[in-house]
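Chains, contacts and geometry: an overview
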Amino acid sequence: MKKLLAMFSALVLIFTLAACSSSSGGGSKNGNKKSNIEVVSDIEGTVRVSLAGWQLEDGIDPITGIDNVGFDTFVKEEFSPRFPNIKLEVYQVPWENAQAKQTAMLQSGDVDLIYSGGAFASQWMQQGLLRSIDDLLANDSSFSGDMYLKGIWDNSYSTVAFDGNTRFGLPAILGKRVTIYDKKLFEDWGVEPLSENPTPEEILDKAKQMSGKNLVTGEENYGLWWSGNALNAATFVALTHAFGAVGAVGSLDDLKNIEWKLNEPEMVKVLEWITAAAKYPPVEFVNGQGQENFGIETNNIAIALDHSGGPTMGEFRATKNQELLDRFVPVLNLGPKGEGWVAMDPFVMAKDAKNVEASWEVMKFLAGYETQKWNYENFQATPTLAEADFVLPEDKFVKKAMEVAAVSPSVMMDEANPFFSSEIAPAINGFISQAANDQAPDIQKFLDDLQKRAEDWSARQ
């Protein structure tokens, strides 16, 4: 135990926030206490919280130059007045080694609540390191999952166990992954704008038309971009929705009996599309690069898949200039209803949480309205709430991402699937790299090999 604590001391920032009454805990950034917040609960206890990647101290956004309110100040202003007798011990963990650090904390019993990646959470649940919250939900009439986007609440592997029946987490932050196009480049090339729910065929056709020297600007343009080395293979997942390539049938709760369907005609169509589309991005896309100017004035890419719109919204927040917002337009993802791969990071409770009652109150708050509002306003985090009235009217990227999340189910082709993460995603990224270099392997042979590897893997489970 001492060795574990020593290992964390250099990497983890710890602070304790406590208040002994509803008036003593809340203080704003300028020192003025908030007086309009009512006590929610008098429950007493200490709750240990591990946060992957959250900013604890106040700072300045490097893109917008706007002041950020850190988690420390947020807790003083918003949490402590509501829960004056709950003390938080907060551990900040860098994303780079969050899984290893937080797994160690769960195994040693040194944490009650964790915010981390959804794939990590699903693995911890499978390993028996997390607590089901079904009983807490059943006994808490003041709380309802209806507050969250239905598609996320009903079936995300980040919060619901592979058996489909056991809930272990609350949705905290969504990823923003939508299709975005540059209206100016479409106009330069005389191409009709993308439809609201573009098919892969439409994307490919219009990307082809806008690759080459722009006759208006004289600059080289690229018709398309997506990340060719994404660990979650997000664009590949969206394409499986579009072409009806299920990839596998069964349950992640029963890995041995998964029926793999990786070499069927629908999956062939996915890789045929990738082979054709790999001609149109800048060459750096195979390394997840080449789109550094997308969303700003010097952009030279017509369509970006699974993009966040962050640079455009950052510029708007900083200058209030509407020009870029008008220029870059988000639409739905590639599935028949706009489905794609949706990242979602939850709050989860350790199996050995010391004070379950206090931990549940903290968990609800940190995945609730006030915290999501703070996270959006200060760090542009996409909310998981069905009603997020704090989202800026101009923030069409977040709104579109929430539309995608509302219709996107968890599927077997998902990073929660251990074989997908360890074998399928790297194989697909390797295929993309080969296709970009005009050396794409025979698709059927490639998929037959992947199918056999999947079947052998399941047989070993």
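Attention here is on the structure that accompanies the text. Predicted, not measured: the structure shown is a model, and the values here were computed from it. (Residues numbered from 1 in each chain as written. Predicted model: local features only at pLDDT ≥ 70, side-chain atom pairs only at ≥ 80, totals over all residues. Heavy atoms only, no water.)

Section: the sheet that holds strand 10 (residues 220-225)
With mixed pairing, the 5 strands of this open sheet are ordered in space as 9-10-13-8-14. In this open sheet, the two edge strands, each paired with only one partner strand, are strand 9 (212-213) and strand 14 (328-331). With 2 bridges connecting them, strand 9 and strand 10 associate as antiparallel partners. Each residue of the ladder has a partner; that of Lys213, found in strand 10, is Glu220. (Pairing = 2+ DSSP bridges. Helix = DSSP H or I, 4+ residues; strand = E, 2+ residues; numbered from the N terminus.)

What about helix 14 (residues 369-379)?
For helix 14, every residue scored as buried is listed here: Thr371, Gln372, Trp374, Asn375, Tyr376 and Asn378. Buried residues along helix 14 sit against strand 4 (67-68), helix 2 (71-79), strand 7 (169-174), helix 11 (310-319), helix 13 (356-366) and helix 15 (396-407). (Buried < 20%, exposed > 50% of the residue type's maximum accessible area, 1.4 Å probe, protein only. Contact = heavy atoms within 4.5 Å.)

Concerning the packing of helix 16 (residues 418-436) against helix 17 (residues 443-460)
Helix 17 packs onto helix 16 with a crossing angle of 165 degrees between their chain directions and a minimal axis gap of 11 Å. The orientation of helix 16 with respect to helix 17, classified from their angle, is roughly antiparallel. The chirality of how helix 16 crosses helix 17 is right-handed. In contact with Pro418, Phe419, Glu423, Ile424, Ala427, Ile428 and Phe431 of helix 16, helix 17 contributes Ile443, Phe446, Leu450, Arg453, Ala454 and Trp457. Of the residues assigned to the contact of helix 16 with helix 17, the class counts are 11 nonpolar, no polar and 2 charged. (Axes fitted to C-alpha atoms, helices over the stretch in contact; angles between N-to-C directions. Parallel < 35°, antiparallel > 145°, perpendicular 65-115°, else oblique. Left-handed = near helix turned anticlockwise from the far one by under 90°. Nonpolar A, V, L, I, M, F, W, Y, C, P; charged D, E, K, R; others polar.)

Notes on the pattern of salt bridges
Here the structure, examined in full by the defined rule, presents 19 salt bridges. Linking Asp154 and Lys150 is a salt bridge whose minimum nitrogen-to-oxygen distance equals 2.9 Å. Taken together, the positions of Asp154 and Lys150, both in helix 6 (residues 150-155) and 4 residues apart, correspond to about one turn of that helix. Asp154 gets classed as partly exposed once you look at its relative accessible area, which sits at 41%. Connected through salt bridges with shared partners, the residues Glu78, Arg82 and Glu370 form a single ionic network. (Salt bridge = Lys/Arg side-chain N within 4 Å of Asp/Glu carboxyl O.)

What about the environment of Ile66?
With respect to the helices and strands, Ile66 occurs in the loop between strand 3 (59-60) and strand 4. Here the alpha-carbon distance between Ile66 and Trp124, two residues 58 residues apart in the chain, equals 37 Å. Apart from the residues lying within four places of it in its own chain, the contact partners of Ile66 are Gly59, Ile60, Asp61 and Arg317.

A few points about the side chain of Thr384
Here Thr384 lies in the loop between helix 14 and helix 15. The contacts of Thr384, once residues within four sequence positions are left out, are Tyr148, Leu149, Pro171, Ala172, Ile173, Leu174, Met344 and Gln372.

Things to note about the pairing of strand 7
Counting buried positions over the 6 residues of strand 7 gives 6, a clear majority of the element. Taken together, the 5 bridges between strand 7 and strand 15 (residues 344-349) define a ladder with antiparallel strand orientation. Opposite Pro171, over in strand 15, you have Pro346 as the bridge partner.

Observations concerning the packing of aromatic side chains
Inspection of the entire model under this criterion finds 30 aromatic pairs. Taken together, a centroid distance of 5.3 Å and an interplanar angle of 70 degrees make the contact between Phe294 and Phe328 edge-to-face. Of this pair, Phe294 sits in the loop between helix 10 (265-277) and strand 13 (301-307) while Phe328 sits in strand 14, and the two are 34 residues apart along the sequence. Residue Phe294 is classed as buried on the basis of its relative accessible area, which comes to 2%. (Phe/Tyr/Trp six-rings, centres within 6.5 Å; stacked < 30°, edge-to-face > 60°.)

A closer look at helix 8 (residues 200-209)
Among the residues of helix 8, Pro200, Glu202, Ile203, Leu204, Lys206 and Ala207 are the ones counted as buried. Its buried side turned inward, helix 8 meets strand 8 (178-182), helix 7 (183-189), strand 10, helix 9 (234-243), helix 10 and strand 13.

Topic: the environment of Trp374
Mapped onto the elements of the fold, Trp374 is located in helix 14. A relative accessible area of 5% places Trp374 in the buried class. For the pair Trp374 and Asn333, spaced 41 residues apart in sequence, the C-alpha to C-alpha distance is 27 Å. Here Trp374 is in contact with Trp54, Gln55, Val69, Gly70, Phe71, Phe74 and Phe379, once residues within four sequence places are set aside.

Considerations on a negative patch on the surface
A surface patch of negative charge is lined by Asp134, Asp163, Asp253 and Asp254. Note on placement: Asp134 falls in helix 5 (residues 134-138). (Patch = residues over 30% accessible without salt bridge, like charges linked within 9 Å, V, L, I, M, F, W, Y side chains within 5 Å. Areas by Shrake-Rupley, 256 points an atom, 1.4 Å probe, with all protein chains shown as cover. Lys, Arg positive; Asp, Glu negative; His and termini not counted. Charge placed at Lys NZ, Arg CZ, Asp CG, Glu CD.)

Fair warning: the whole summary comes from geometry, so function is off the table for now.
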